[in-house]
Amino acid sequence: MTLTRATDLASLIASNTAKYNDYLLKNDLPPPSLDLLPPEAPLRLPDDISTARELAIEASHELHELLCGPIGLIMNAAPRSTRIMSLHFVHTYKVGYNLGWGEKTTFAQIAKDCNLDEEDTRRMLRLAMTDYLFTEPENGVVMHSAASYELARNPLLSAWIGVTVQENWSPMLKISEAISKYPGSEEPMESAYAIAHNLSEMPFKVWERDPKRIKQFSDAMAFLHSDSGFQPSHILLGCQFSGPDPPTFVDIGGSQGHVSISLARLHPNMKFIVQDTPQTVALGAEQLPEDLKDGVTFMAHDFWNEQPVKDADVYFFRCIFHDWSDKYSVRILRNLIPALKKGARVIISDVCIPPKGVVSMYKEHWIRGLDVVMKCFTNAKEREAGDWAALFTKADPRFKFLGVRMPPGSKDAVIEAEWTSAEDVKVQPNGSESGTNGSLGSEAPILNGM
Ligand SMILES: C[S@@+](CC[C@H](N)C(=O)[O-])C[C@H]1O[C@@H](n2cnc3c(N)ncnc32)[C@H](O)[C@@H]1O
């Protein structure tokens, strides 16, 4: 056999799938299956097994495209996009949300329950079945597949899909119109989302008047925390606090407090303050576990106004700056300044776009997709390491950029800066500023302080 890229990929898939499969067998875990009842909690795999699984996924993605060929991969675009249409249908009519695992129903019954035409229902569901959502064990009978059952039983996953199909999907069809009408815009009100949803004010303002939309969005953000790639345990790595009082951590735009709650369990000596819109913090406060009532508090705060919590040790932002263009992100950072004591950390947990060619096409596709989804949403963006450094400098040279680190297995990067006094910032002859580097822990730095 002559070795080619296709045969290399096939061997990579075989060896890495075998490694993953052997681990499952040795540990009495079920084999990969789209038919078996899925486990309640996602599987936490050791790093090497997780890497083997990822390599097999990446290689099978590339091999698939390679075998389809240049015309095939273009022709596949339309059929591939129908999965989102099926999810939209299932989510809109909550199809199967009351159907248990192993229970049977019929197209006719689903149509009746959803007040739909039976033929329409059959056609939509038979399409969904080709995407492994539901099965038809005998003619006209419908049962859950593992994927449709997950969607039905997990309200946070359902919220994530709700945001995808109800908020983010229609703007994708408007992005070409938006970039032609408003080239290079940094304005949220000129975005594809604003066009698609006919906005007359900022999206978060619109949602504030709609409790269902707010709940769906904050539940979707909570869903992220169940993904092992977004675990917050690495966020405070390398931080040392020396003051006599318990260190204070302000979680700005912290939604219902999922990150602060996880961190409060890991760092019981710290005080966490979660800030968000009044409706969102009310939801968070309602659900706060009793044993965390001393360590975690909620506060309504609009980050377009000056930060009211003075002299905290950490000001934290997770998935906030990717919602805003540089023009607005600089405003958010500047609103911190009156509150900052010397040495205060600004910690950001967000995507950092890697340099071209460093990660597989499969991973890059995911990151570039997020970047353009944020463009669609508010003319915002995901940033590269240099963009993060430049953002702090633009906000104020007294923010000493400490760098970006990528914790192993994490999808989010940790981006850090420290507030310094003016004298600490040495202006270089070329006009750039520099400061001394702080300790960032042991993880791989993408870009250190400049
Ligand atoms: C993408 S979510 C991130 C939520 C949270 N940090 C997380 O990672 O789960 C953006 C958050 O910003 C909040 N937000 C939007 N505008 C805000 C404002 N002006 N002031 C405070 N929070 C705001 C939203 O309510 C939402 O919870």
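Fair warning: this is a prediction, and the values are worked out from it, not measured in the lab.

Draft legend 1. Structural view of the pairing of strand β3 (residues 248-252). The element β3 is extensively covered by neighbouring structure, given that four of its five residues are classed as buried. Two elements, β3 and strand β4 (residues 271-276), share five bridges in a ladder whose sense is parallel. Within β4, the residue paired with Phe249 across the bridge is Phe272. Taking the sense of rotation as the criterion, the β-α-β connection linking β3, helix α13 (residues 258-266) and β4 turns out right-handed.

Draft legend 2. Spatial organisation of the site of the ligand. Around the ligand sit 17 residues, and of these Phe204, Met221, Gly253, Ser255 and Arg318 come closest. Looking at the shell around the ligand, its residues break down into six nonpolar, seven polar and four charged.

Draft legend 3. Looking closely at the packing of helix α8 (residues 155-172) against helix α16 (residues 361-378). Remark: α8 packs on α16, axes separated minimally by 9 Å, with the N-to-C direction vectors making an angle of 90°. With respect to their mutual orientation, α8 and α16 come out roughly perpendicular. For the pair α8 and α16, the contacting residues are Asn168, Pro171 and Met172 in the first and Val373, Cys376 and Phe377 in the second. Looking at the contact of α8 with α16, its residues break down into five nonpolar, one polar and no charged.

Draft legend 4. Representation of α8. Counted at 1.5 Å a residue, the expected span for α8 with its 18 residues is 26 Å, and the 25 Å between its end C-alpha atoms agrees. Of all bends in α8, the biggest is about 30°, found at Val165. If you check which residues of α8 are buried, you get Ser158, Ala159, Trp160, Gly162, Glu167 and Pro171. Taken together, the buried residues of α8 touch α4 (82-93), α7 (146-153), α9 (175-181), α10 (192-196), α12 (211-224) and α16.

Draft legend 5. Seen up close, helix α15 (residues 326-334). When α15 is considered as a whole, its buried residues turn out to be Ser329, Ile332 and Leu333. Considered in projection along α15, the buried side chains sweep an arc of 100° and stay on one side of the axis. In this structure, the buried side of α15 is in contact with α17 (385-395) and β10 (399-406).

Draft legend 6. Up close: the pairing of strand β11 (residues 413-419). Most of β11 sits out of view: seven of its seven residues are buried. Residues Ala413, Ile415, Ala417 and Trp419 line one face of β11 and the alternating positions Val414, Glu416 and Glu418 line the opposite face, and both faces are buried. Bridge count for strand β7 (residues 345-350) against β11 is six bridges, and the pairing is antiparallel. Bridge assignment links Arg345 to a residue of β11, and that residue is Glu418. The antiparallel pairing of β10 with β11 creates a hairpin that spans six residues between the two strands, and Gly409 there sits at a positive phi of about 80°.

Draft legend 7. Layout of unusual backbone geometry. The residue Lys94 is not glycine, and still its phi comes out positive at about 50°. The topology assignment puts Lys94 in the loop between α4 and β1 (105-106). The class for Lys94 is partly exposed, based on 13 C-beta atoms found within 10 Å. One non-glycine residue with positive phi stands out, namely Ser255, at about 55°. Along the polypeptide, Ser255 turns up in the loop between β3 and α13.

Conventions used here
- Residues numbered from 1 in each chain as written.
- Predicted model: local features only at pLDDT ≥ 70, side-chain atom pairs only at ≥ 80, totals over all residues.
- Buried ≥ 20, exposed ≤ 12 C-beta atoms within 10 Å, placed from the backbone.
- Helix = DSSP H or I, 4+ residues; strand = E, 2+ residues; numbered from the N terminus.
- Pairing = 2+ DSSP bridges.
- Right-handed = clockwise from strand over helix to strand, strands pointing away.
- Near = placed C-beta within 6 Å.
- Nonpolar A, V, L, I, M, F, W, Y, C, P; charged D, E, K, R; others polar.
- Axes fitted to C-alpha atoms, helices over the stretch in contact; angles between N-to-C directions.
- Parallel < 35°, antiparallel > 145°, perpendicular 65-115°, else oblique.
- Contact = placed C-beta atoms within 7 Å.
- Expected span 1.5 Å × (residues − 1).
- Bend = angle between axes of the 7 residues up to and from the residue.
- Arc of directions from axis to C-beta.

These results come straight from atomic positions and should not be treated as a statement about function.
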